[in-house]
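A look at the structure
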Amino acid sequence: MEARAVGLGEILDETKALLRSHPAGLVGTSLAIGASYTALDFATLQMEESGGLIFAALLVSLTVTVFVQYLVTEKLLADRSVPGRASTNRRYGSLFGALLLSGLGLGAGLLLLVLPGLYLAARWLTVTPHLVEGSLTANEALGQSWDASAQAVPAFIVVIILTVTAMLPGMGLLFLPEANAGGDIAFGITALSNLLLGFSSVFGWTIAVGAYRRLVPLGDGLQQVFD
């Protein structure tokens, strides 16, 4: 795939268009994610021994990170899909593998310095859209994202910073003294944090699709499906 230069303004314009086109679905998904995490927190508070909920927490996290992200991305790319193409061949396992491998790489980059981590995150920003639209394996999606992003790294780094910034309010609430004091106030803060993190997750997926749509024009995207 030929690498294309993509500006931040183009990505933001495409992201705004996606948000305007799918407001109900994106807001509903954000609320559902926040509610799921809040329900899990509530169940934890009701149990004297919360060790049994560790598996439930992992299951919810996996569902959101892999299954929900896949379906949201697929929906945001639906207008580019081949007419009559079935969506039964969803590669959830491939997405899990791609996210795991890229996560390990990002972790190693962040251990070295922040800049290597940002660079790797930028090169793999569009892994999920590549995988979903092209029905790729994990390695194929990582490779195509890396190749396609070669001339878009500066804009993609800013996108990563915006995505992380969107997560800060939700994460910051958990560091408030009231969040660890127990009682209804603490639970309310936790619920609000979960809600904000749900919105930031969906925003991150949406802006990644916006970047992909500008990086890979419709013709190239369809060619990936047939290759």
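Keep in mind that what you see is a predicted model, and the values were worked out from it rather than measured. (Residues numbered from 1 in each chain as written. Predicted model: local features only at pLDDT ≥ 70, side-chain atom pairs only at ≥ 80, totals over all residues. Heavy atoms only, no water.)

**Side note on the packing of helix H3 (residues 54-76) against helix H6 (residues 127-134)**
As a reminder of what qualifies: Orientation is described by axes fitted as lines to C-alpha atoms, over the contacting stretch for helices, and by angles from 0 to 180 degrees between their N-to-C directions. Numbering of helices and strands runs from the N terminus; a helix is a DSSP stretch of H or I covering at least four residues, while a strand is a stretch of E covering at least two. Our angle categories are set so that under 35 degrees counts as roughly parallel, over 145 as roughly antiparallel, 65 to 115 as roughly perpendicular, and the remainder as oblique. Contacts between residues were defined by any pair of non-hydrogen atoms, one from each residue, lying within 4.5 Å. Following the grouping adopted for this structure description, the nonpolar residues are Ala, Val, Leu, Ile, Met, Phe, Trp, Tyr, Cys and Pro, the charged ones are Asp, Glu, Lys and Arg, and the polar ones are all others, Gly among them.
The geometry of H3 relative to H6 is characterised by a closest axis approach of 9 Å and an angle of 70 degrees between their N-to-C directions. Compared by their axis directions, H3 and H6 come out roughly perpendicular. Taken together, the residues of H6 that come into contact with H3 (itself represented by Gln-69, Tyr-70, Thr-73 and Glu-74) are Thr-128, Pro-129, Leu-131 and Val-132. By residue class, the composition of the contact of H3 with H6 is 4 nonpolar, 3 polar and 1 charged.

**Focus: the pattern of salt bridges**
For the record, the criterion: One side-chain nitrogen of Lys or Arg within 4 Å of one carboxyl oxygen of Asp or Glu is enough to make a salt bridge. Whether a residue is buried, partly exposed or exposed follows from its accessible area with a 1.4 Å probe, protein chains only, as a fraction of its type maximum: under 20%, in between, or over 50%, in that order.
One pass over the structure, following the stated rule, counts 6 salt bridges. Notably, a salt bridge pairs Arg-214 with Glu-10, separated by 3.7 Å at the nearest N-O pair. Within this pair, whereas Arg-214 is found in helix H9 (residues 183-215), its partner Glu-10 is found in helix H1 (residues 8-21), the two being separated by 204 residues in sequence. Here Arg-90 and Glu-74 are joined by a salt bridge, their closest N and O atoms 2.8 Å apart. Of this pair, Arg-90 sits in the loop between H3 and helix H4 (92-112) while Glu-74 sits in helix H3, and the two are 16 residues apart along the sequence. Classification of Glu-74 by relative accessible area gives partly exposed; the value is 22%.

**Quick notes on the packing of aromatic side chains**
Note the following rule: Each pair of aromatic rings taken from Phe, Tyr and Trp, with Trp reduced to its six-membered ring, is defined by centres within 6.5 Å and is described as stacked if the planes are under 30 degrees apart, edge-to-face if over 60, and tilted in the remaining cases. We call a charge positioned above a ring when the Lys NZ or Arg CZ atom is no farther than 6 Å from the ring centre and deviates by at most 35 degrees from the ring normal.
Per the counting criterion, the structure on display carries 5 aromatic pairs. Note on Tyr-119 and Trp-146: the rings are 5.9 Å apart at their centroids and 85 degrees apart in plane angle, and the pair reads as edge-to-face. One end of the pair, Tyr-119, is in helix H5 (residues 114-123); the other, Trp-146, is in helix H7 (residues 138-148), with 27 residues separating them in the sequence. According to the relative accessible area criterion, Tyr-119 is partly exposed, its value standing at 33%. Here the aromatic rings of Trp-124 and Trp-146 are separated by 5.7 Å at their centres, their planes lie at 50 degrees, and the arrangement is tilted. Here Trp-124, found in the loop between H5 and H6, pairs with Trp-146, found in helix H7; they are 22 residues apart in sequence, far enough to count as distant. Here the aromatic residues Phe-67, Tyr-70 and Tyr-92 are joined through ring pairs into a cluster of three or more. The aromatic ring of Trp-146 is capped on one face by Arg-123, whose charged end is 4.2 Å from the ring centroid.

**Here's the deal with a nonpolar patch on the surface**
The condition is simple: Patch criteria: residues need more than 30% relative accessible area and no salt bridge. Like-charged residues are merged within 9 Å; nonpolar side chains of Val, Leu, Ile, Met, Phe, Trp and Tyr are merged within 5 Å. Note on areas: Shrake-Rupley, 1.4 Å probe, and residue coverage restricted to the protein chains presented here.
Taken together, the side chains of Leu-62, Phe-67, Phe-96, Leu-100, Leu-101 and Leu-104 define a hydrophobic patch exposed on the protein surface, amounting to about 540 Å² of accessible area. For the nonpolar patch, the elements supplying multiple residues, two or more each, are H3 and H4. A total of 4 residues in the nonpolar patch trace back to one element, the largest contributor, which is H4. Looking at the secondary structure, you find Leu-62 in helix H3. For Leu-62, a relative accessible area of 34% puts it in the partly exposed group.

**Thoughts on the side chain of Thr-206**
Inspection of the secondary structure puts Thr-206 in helix H9. Residues in contact with Thr-206, not counting those within four places in the same chain, are Thr-15, Leu-18, Leu-19, Leu-26 and Leu-76.

**Looking at H1**
Residue pairs three or four apart in sequence face the same way in an α-helix, which turns once every 3.6 residues. The criterion, for reference: In a helix, the anticipated span is given by 1.5 Å times the number of residues less one. Our arc is simply the arc of the directions from the helix axis toward the C-beta atoms.
Its 14 residues place the ends of H1 20 Å apart at the C-alpha level, agreeing with the 20 Å of an ideal helix rising 1.5 Å per residue. Inspection of H1 places Ile-11, Glu-14, Thr-15 and Leu-18 among the buried residues, and these make up the whole buried set. Taken down its axis, H1 places every buried residue within 100 degrees of arc, on the same side. Its buried side turned inward, H1 meets helix H2 (23-46), H3, helix H8 (153-173) and H9.

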